[in-house]
Amino acid sequence: MTDGKIGINLTRHIFEKQREYPEATGELTGILNQIAFAAKIVSREVNKAGLVEILGLTGDKNIQGEEVQKLDDFANEVFINILAKSGHFCVLASEEVPDVIPIPDGYISGHYSIAIDPLDGSSNIDVNVNIGTIFSIHRRTSEGEKGCADDLMQAGRKQVAAGYVVYGSSTMLVMSTGNGVHGFTLDPSVGEFLESHPDIQIPSRGKTYSINEGNYPYWSGGVRHYIDHLKKKDKESGTPYGARYIGSMVADMHRTLLKGGIFMYPADNKDPKKPHGKLRLLYECAPMAFLCEHAGGAASTGTGPVLDVVPTELHQRVPFFAGSTEDVRELERFIADYD
Ligand code: AHG
Ligand code: MN
Ligand code: MN
């Protein structure tokens, strides 16, 4: 470091903002450090995945009916093992596991619950495109020794912390505990996540939209009209927008948080089994919505805030539109007018 600044790591960041963190018990620092520890291990595998036998499919399918990649399994094992035995959680949920995950016998059942997408963007693993991990943390609500699904199935607005790790040209951890959104970049030479993006703020309007256009014929009228609008030349509304779609929610949302614009995964009628779109509420949409709102942006189901949705199923899916507030509000107007 040139100016003698050693850099602020996760622990220092929370300690220095101690008074701003309502959950500033040592527990939160411990939780985020355990997540960072698991992320470093996954990052190491992701960054050498091209060299070792960790690419490719396991031959299994997960509850979502999707092919399980070896890295999905690896990341799932690492995060569950570290978090379940950390003493901070009473119950876990993972995209890769059908039911809630209890704390193993002999380990402390803690005051929080955590839902994770251990490896987001699986379809991009073998083509060296950014992938990630997403996490969502609630305070436990149940009594008794063991936690249960109720500790996980809470409205997103009640999260005490949420964030993601993006494994790319560098590995970054972006998180919020309700006091701003902060980005930390892994410095592999010291093995620490150092603060690199303090107080991320989403611009009120962007210039790009992010959606899988291959689903155009299957969207509602409101979404189709909105996308058509974004392509028209109109000085006043600043269109046409540019199109950016990576296919890993973490990467598309990371760009949206930093540069603005709107990321969308609408409901579509392509697959009757998925009438509410593809993205899962507990460990994709609610944590990303939490980050968006705390970065000054918005996250909507198209008809209301994602953070107000009370989950009814562990792997429930919701339509998701998130990013710059003005863009999300405009999308909601198109849905109100044309759906
Ligand atoms: P996951 O790999 O955890 O199943 O998530 C993949 C999700 C999300 O990362 C991304 O936004 C979306 O799938 C892309 O879906 P399409 O390929 O249908 O566009
Ligand atoms: Mn995912
Ligand atoms: Mn996943």
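Keep in mind it's a predicted model, so treat the numbers as computed, not measured.

## Considering the pairing of strand β6 (residues 131-139)
- Of all nine residues in β6, eight are buried; the element is thus mostly enclosed.
- In terms of strand pairing, strand β5 (residues 112-120) meets β6 through seven bridges, oriented antiparallel. Pairing of Ser-113 across the sheet is with His-138, part of β6.
- Both β6 and strand β7 (residues 161-167) contribute to a ladder of seven bridges, which runs antiparallel.

## Describing the coordination of the manganese ion (ligand 3)
- Coordination of the manganese ion (ligand 3) by the protein involves Glu-95 (OE), Asp-117 (OD) and Leu-119 (O), with metal-donor separations of 2.0 to 2.3 Å.
- Between the manganese ion (ligand 3) and the manganese ion (ligand 2), a separation of 3.7 Å is found, and both are coordinated by Asp-117. Grouping residues by exposure puts Asp-117 and Leu-119 together as buried.

## Section: the coordination of the manganese ion (ligand 2)
- In this structure, Asp-117 (OD), Asp-120 (OD) and Glu-284 (OE) serve as the protein donors to the manganese ion (ligand 2), at separations of 1.9 to 2.1 Å.
- Read from N- to C-terminus, the donor residues coordinating the manganese ion (ligand 2) fall into the pattern D-x2-D-x163-E.

## Comments concerning the domain arrangement of the protein chain
- According to the domain assignment, the protein chain contains domain 1 (10-197) and domain 2 (208-338).
- The straight-line distance from the C-alpha centre of domain 1 to that of domain 2 is 23 Å.
- Interface area for domain 1 against domain 2, summed over the two sides, is near 2,900 Å², with a carbon-plus-sulfur share of 64%.
- On the domain 1 side of the contact with domain 2, Met-153, Arg-157 and Tyr-164 bury the most area, a combined 23% of that side's loss.
- The partner of Glu-95 in a salt bridge is Arg-280, and the shortest N-O contact between them spans 3.4 Å.
- In this structure, the connection of domain 1 to domain 2 is made through 14 residue pairs in polar contact (both at pLDDT 80 or more).
- Residue assignment for the side of domain 1 that touches domain 2 shows that the elements contributing at least two residues are β3 (89-94), β5, β6, β7 and β8 (171-176).

## Here's the deal with the environment of Ile-246
- Along the polypeptide, Ile-246 turns up in the loop between β12 (242-243) and α5 (249-259).
- Ile-246 sits 154 residues away from Leu-92 along the chain, and the two C-alpha atoms are 28 Å apart.
- For Ile-246, the residues in contact, after removing those within four places along its chain, are Asn-124, Val-129, Ala-251, Asp-252 and Arg-255.

## Comments concerning the packing of aromatic side chains
- Enumeration over the complete set of coordinates arrives at four aromatic pairs.
- Relative to Trp-219, the ring of Tyr-216 lies with its centre 5.6 Å away and its plane at 65 degrees, an arrangement referred to as edge-to-face.
- Measuring from ring centre to ring centre gives 5.8 Å for Phe-334 and Tyr-338, while their planes differ by 20 degrees; the resulting arrangement is stacked. Taken as a pair, Phe-334 and Tyr-338 lie in helix α7 (residues 325-338) at a separation of four residues, close to a single helical turn.
- Grouped by ring-pair contacts, the aromatic residues Tyr-226, Phe-334 and Tyr-338 constitute a single cluster.

## Digging into the sheet that holds strand β10 (residues 192-197)
- The strand order across the open sheet formed by eight strands is β4-β3-β5-β6-β7-β8-β9-β10, and the pairing between neighbours is mixed. The open sheet is flanked by β4 (101-102) and β10, the only strands paired with a single partner.
- Bridging between β7 and β8 involves six bridges; their strand directions are antiparallel. Paired with Tyr-167 across the bridge in β8 is Thr-171.
- Contacting β3, β5, β6, β7, β8, β9 (181-187) and β10, helix α2 (residues 26-48) crosses the sheet at an angle of about 20 degrees to β7.

## Topic: the site of ligand 1
- The immediate surroundings of ligand 1 are formed by 18 residues, with Asp-120, Ser-122, Tyr-245, Met-249 and Tyr-265 found nearest.
- At 3.0 Å from an oxygen atom of ligand 1 is found a side-chain nitrogen or oxygen belonging to Glu-95.
- Separating an oxygen atom of ligand 1 from a side-chain N or O atom of Tyr-265 is a distance of 2.6 Å.
- When ligand 1 is considered free in solution it has 470 Å² of accessible area, and contact with the protein chains removes 87% of it.
- Going through the elements one at a time, β5 and β13 (262-265) are the ones with two or more residues in the shell around ligand 1.
- If one sorts the elements of the shell around ligand 1 by residue count, β5 sits on top with three residues.
- For the shell around ligand 1, the per-class residue count stands at six nonpolar, five polar and seven charged.
- The residue makeup of the shell around ligand 1 includes at least three contributed by each of domain 1 (10-197) and domain 2 (208-338).

The rules behind each value
Residues numbered from 1 in each chain as written. Chains lettered and ligands numbered in written order. Predicted model: local features only at pLDDT ≥ 70, side-chain atom pairs only at ≥ 80, totals over all residues. Heavy atoms only, no water. Buried < 20%, exposed > 50% of the residue type's maximum accessible area, 1.4 Å probe, protein only. Helix = DSSP H or I, 4+ residues; strand = E, 2+ residues; numbered from the N terminus. Pairing = 2+ DSSP bridges. Donors = N, O, S within 2.8 Å, 3.2 Å for Na, K, Ca; no water. Domains from an automatic or database assignment. Buried area = accessible area lost by both parts, 1.4 Å probe. Salt bridge = Lys/Arg side-chain N within 4 Å of Asp/Glu carboxyl O. Polar contact = N/O pair within 3.5 Å; in protein donor to acceptor, adjacent residues only side chain to side chain. Contact = heavy atoms within 4.5 Å. Phe/Tyr/Trp six-rings, centres within 6.5 Å; stacked < 30°, edge-to-face > 60°. Axes fitted to C-alpha atoms, helices over the stretch in contact; angles between N-to-C directions. Near = heavy atom within 4 Å. Areas by Shrake-Rupley, 256 points an atom, 1.4 Å probe, with all protein chains shown as cover. Nonpolar A, V, L, I, M, F, W, Y, C, P; charged D, E, K, R; others polar.

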